[in-house]
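Single-letter residue listing:
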Amino acid sequence: MRSLNIRHPAMRCVAEALLDLFPSGADISEIGTDAKPCLFVSWRTGGMATHPGNIAWGVHYRFETEALSLFDFASEPAQHRFCEQVRDMSRHLKFDYADPDAVSLKVVDVPAELVRQSMAAAG
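In this text the structure is predicted, and so the values were computed from the model without any measurement.

(A) Spotlight on helix α3 (residues 76-91). Under the 1.5 Å per step criterion, the end-to-end length of α3 is 22 Å for 16 residues, consistent within 8% with the ideal 22 Å. Considered for burial, the residues of α3 that qualify are Ala78, Gln79, Phe82, Cys83, Gln85, Val86, Arg87 and Ser90. Packing partners of the buried residues in α3 comprise α1 (9-18), β3 (56-63), α2 (65-73), β4 (105-110) and α4 (112-122).

Below, the structure written as structure tokens:
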């Protein structure tokens, strides 16, 4: 397993849940400020500079501040459910490596409501 240098427990849980969805060389980092931390997954595809594929790709996970606070109070089953829900949101992201005009940066907003739903489902 890759080492993850991520401080917040919610973002670490999400990062661990995402590991196998992205290429093995992808970097998963905590970015942003202490007041508004985010996760960023980035990787490059190979190719020649004049052909599709030689491009940087990334997914920016923006967490509502309240989501991170609520995570700390959630039970372990609720925390696990939350991380799996973010994983499910990520599973549907599509990257078209063959398209030279493809959007190479995706943004995933992680609302506090997702933690609330996970807490309610866990009881």
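(B) Spatial organisation of the nonpolar core. Judged by nonpolar contacts, the single largest core of 34 residues is most densely connected at Leu39, Tyr61, Phe63 and Phe82. Per element, the largest residue contribution to this core is seven residues, and it comes from α1. Ignoring any residue separated from it by four or fewer positions in sequence, one finds Phe82 in contact with Ala10, Val14, Phe63, Phe71, Val110, Leu114, Val115 and Ser118.

(C) Quick peek at the packing of aromatic side chains. A full pass over the atoms with the stated rule returns four aromatic pairs. Taking 5.6 Å as the distance between ring centres and 90° as the angle between the ring planes, the aromatic pair formed by Trp57 and Phe95 counts as edge-to-face. Remark: Phe95 occurs in the loop between α3 and β4 and Trp57 occurs in strand β3; sequence separation between them is 38 residues. Across the pair, Phe95 and Trp57 agree in class, each one buried. The structure contains a cluster of three or more aromatic residues connected by ring pairs, namely Phe22, Trp43, Trp57 and Phe95. Over the aromatic face of Phe95 sits the side chain of Lys106, whose NZ or CZ is 5.4 Å from the ring centroid.

The rules behind each value
Residues numbered from 1 in each chain as written. Predicted model: local features only at pLDDT ≥ 70, side-chain atom pairs only at ≥ 80, totals over all residues. Heavy atoms only, no water. Helix = DSSP H or I, 4+ residues; strand = E, 2+ residues; numbered from the N terminus. Expected span 1.5 Å × (residues − 1). Buried < 20%, exposed > 50% of the residue type's maximum accessible area, 1.4 Å probe, protein only. Contact = heavy atoms within 4.5 Å. Core = buried A, V, L, I, M, F, W, Y, C linked by side-chain atoms within 4.5 Å. Phe/Tyr/Trp six-rings, centres within 6.5 Å; stacked < 30°, edge-to-face > 60°. Lys NZ or Arg CZ within 6 Å of the ring centre and 35° of its normal.

Limitation: the analysis is restricted to geometry and does not speak to function.
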